[in-house]
Amino acid sequence: MPTRRDVLACAGASTLAGVAGCVQVGSSGPPQNGPDGTTATDVYEAVLPSVVGVQVYGRSGPSRQGSGFVGPGGRVITNEHVVAGADEVRLRFDGNEWRGAEALGTDTYSDLAVLDATDPPASATSLPFVDADPEPPVGTPVLAIGSPYGFAGSASEGIVSGVDRLLPAPNQFRIADAVQTDAALNPGNSGGPLVTFDGEVVGVVSSAGGENVGFAISAALAGRVVPALAEGGEYEHPYLGARLLEVTPAVAEAYDLDSVGGVVVVDAVADGPAEGVLDPATGTTTVRGTEVPTGGDVIVAIAGVPVGTQADLSTTLALETSPDETVTVTVRRGGEERTVELTLGARPEPSETDR
């Protein structure tokens, strides 16, 4: 039986053979084809049967809606914020076929949820996650498919505009490794797939940050979280237990560093993994009008991976480590570089007010 990749490859070959001038979905200009000639229309037609609209009914207040898709293992993937507090969830498959669904697991810290659909249509096959090593580079053509404002089967085209972004999460945590796109995203797109022209999911649409700026939970992070949610209903995120500050030029000057790079340990959470292992800041100084905490360790590597920014550290923790794992942390302390060992914990449960 042909795979989705086979179908797209054939479509691309047909385009190269002379099926030209096809206007792309969501585009008013000439087609911007994939490397093998695949158009957005080809991708849309191959992927659409696996995309769902998500209708959520709560115990109080009006119903709300989002999007989702059938992912690896045949389960439906969407955002946690789409189904949070749901009393009933209904899924709208292609062709206006409706099915019930039950939440198998949700995770606030990654904004992901996994649903079990009742008797899904046979055409709703699993969409694969893109290979995360290496991730698709900036400039990769992508298509966002979902139900913005309830308009089922809508598509918008764009590119991967950025990678390794940090998104807000509860309790002042961040969602690491997010994918940025300029594909148009609107309310109702949340939870839908952001796919490459190979029909592979590069991210789970999560939010729009402004005009031409949208974000998706990366395939790499979803690939870790989703199987755990499907199997056990929850996912434990590694926890360092420290408040951090990225090294800016002002911070570098305060710490007499030769270059910008690394993160300062501002504070260590009481009884957390970092307490007694990493030195927190002990004072402050003012550099060109900016108050800078001083005396704290400057983390420059963790688990053997260099740390230049807060995103570097967060992504390494999220994708390369697990709770209860002991990792090496390389720090600059008192003008010298040294390496310490730290046993990671698990993030605390978010409170109801954080959800």
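Please refer to the structure placed before this passage.
Reference entry: report on the structure contained in this document. This one's a predicted model, so the numbers in the text were calculated from it and none came from an experiment.

### Thoughts on the pairing of strand β1 (residues 51–58)
Alright, step 1. Counting buried residues along β1, six of its eight residues qualify, which places the element largely inside the surrounding structure.
Alright, step 2. Both β1 and strand β2 (residues 64–70) contribute to a ladder of six bridges, which runs antiparallel. Its bridge partner being in β2, Val-56 is matched across the sheet by Arg-64.
Alright, step 3. Two strands pair when backbone bridges link them, and β1 and strand β4 (residues 86–93) are joined in this way by six bridges, in the antiparallel orientation. Residue pairing for β4: Tyr-57 is matched across the bridge by Glu-88.

### Looking at the sheet that holds strand β10 (residues 193–196)
Whenever strands of a sheet pair, they do so through backbone hydrogen bonds, lying parallel or antiparallel.
Alright, step 1. Taken in spatial order, the six strands of this closed barrel run β7-β8-β9-β12-β11-β10, and their pairing is antiparallel. Averaged over all pairs of adjacent strands, the angle between strand axes in this sheet comes to 50°, irrespective of strand direction.
Alright, step 2. Sheet topology note: the strand β11 (residues 201–210)/strand β12 (residues 213–218) ladder contains six bridges and is antiparallel. Residue Gly-210 lies in a different strand from β12, and its bridge partner there is Val-213.
Alright, step 3. Against the sheet, helix α6 (residues 310–320) contacts β8 (154–168) and β9 (174–181), and its axis sits at roughly 100° relative to β8.

### What to know about the sheet that holds strand β3 (residues 76–78)
Alright, step 1. Strand order in the closed barrel made by the six strands is β1-β2-β3-β6-β5-β4, with antiparallel pairing throughout. Pairs of neighbouring strands in the sheet enclose a mean axial angle of 40°, with direction left out of account.
Alright, step 2. Relative to strand β6 (residues 112–117), β3 runs antiparallel, the two being bridged by three bridges. Note on β6: the bridge partner recorded for Ile-77 is Val-114.
Alright, step 3. Helix-sheet contacts for helix α4 (residues 219–232) involve β3, β5 (97–107) and β6, and the interaxial angle to β6 is about 45°.

### Things to note about the pattern of salt bridges
Alright, step 1. Applying the stated rule across the entire model yields five salt bridges.
Alright, step 2. Arg-75 is the partner of Asp-116 in a salt bridge, and the nearest nitrogen-oxygen pair spans 2.8 Å. In this pair, Asp-116 sits in strand β6 while Arg-75 sits in the loop between β2 and β3, placing the two residues 41 residues apart along the sequence.
Alright, step 3. With relative accessibility at 30%, the residue Arg-75 sits in the partly exposed group.
Alright, step 4. One salt bridge connects Arg-333 with Asp-297, and the closest N-O pair in it is separated by 2.7 Å. Of this pair, Arg-333 sits in strand β20 (residues 326–333) while Asp-297 sits in the loop between β17 (290–294) and β18 (298–302), placing them 36 residues apart in sequence. Exposure class is identical for Arg-333 and Asp-297. Each is buried.
Alright, step 5. Among the ionic contacts, a cluster of salt bridges with common partners joins Asp-279, Asp-297 and Arg-333.

Cut-offs used in this document
Residue indices begin from 1 for each chain and proceed along its sequence in written order. Two thresholds apply to this predicted model, a pLDDT of at least 70 for residue-level local features and 80 or more for giving and counting side-chain atom pairs, whereas whole-chain, interface and lining totals are computed over all residues. Processing note: side-chain calculations cover all non-hydrogen atoms of the structure and skip hydrogens and water entirely. Working definition: with a 1.4 Å probe on protein chains only, accessible area under 20% of the residue-type maximum means buried, over 50% means exposed, and in between means partly exposed. Counting from the N terminus, the helices are the DSSP runs of H or I reaching at least four residues and the strands are the DSSP runs of E reaching at least two. A pair of strands is considered paired only if DSSP assigns at least 2 bridges between the two. Interaxial angles span 0 to 180 degrees and are taken between N-to-C directions of axes, which are lines fitted to C-alpha atoms, for helices over the stretch in contact. Here a residue-residue contact requires only that any non-hydrogen atoms of the pair lie within 4.5 Å. By definition, a salt bridge exists where a carboxyl oxygen of Asp or Glu is found within 4 Å of a side-chain nitrogen of Lys or Arg.

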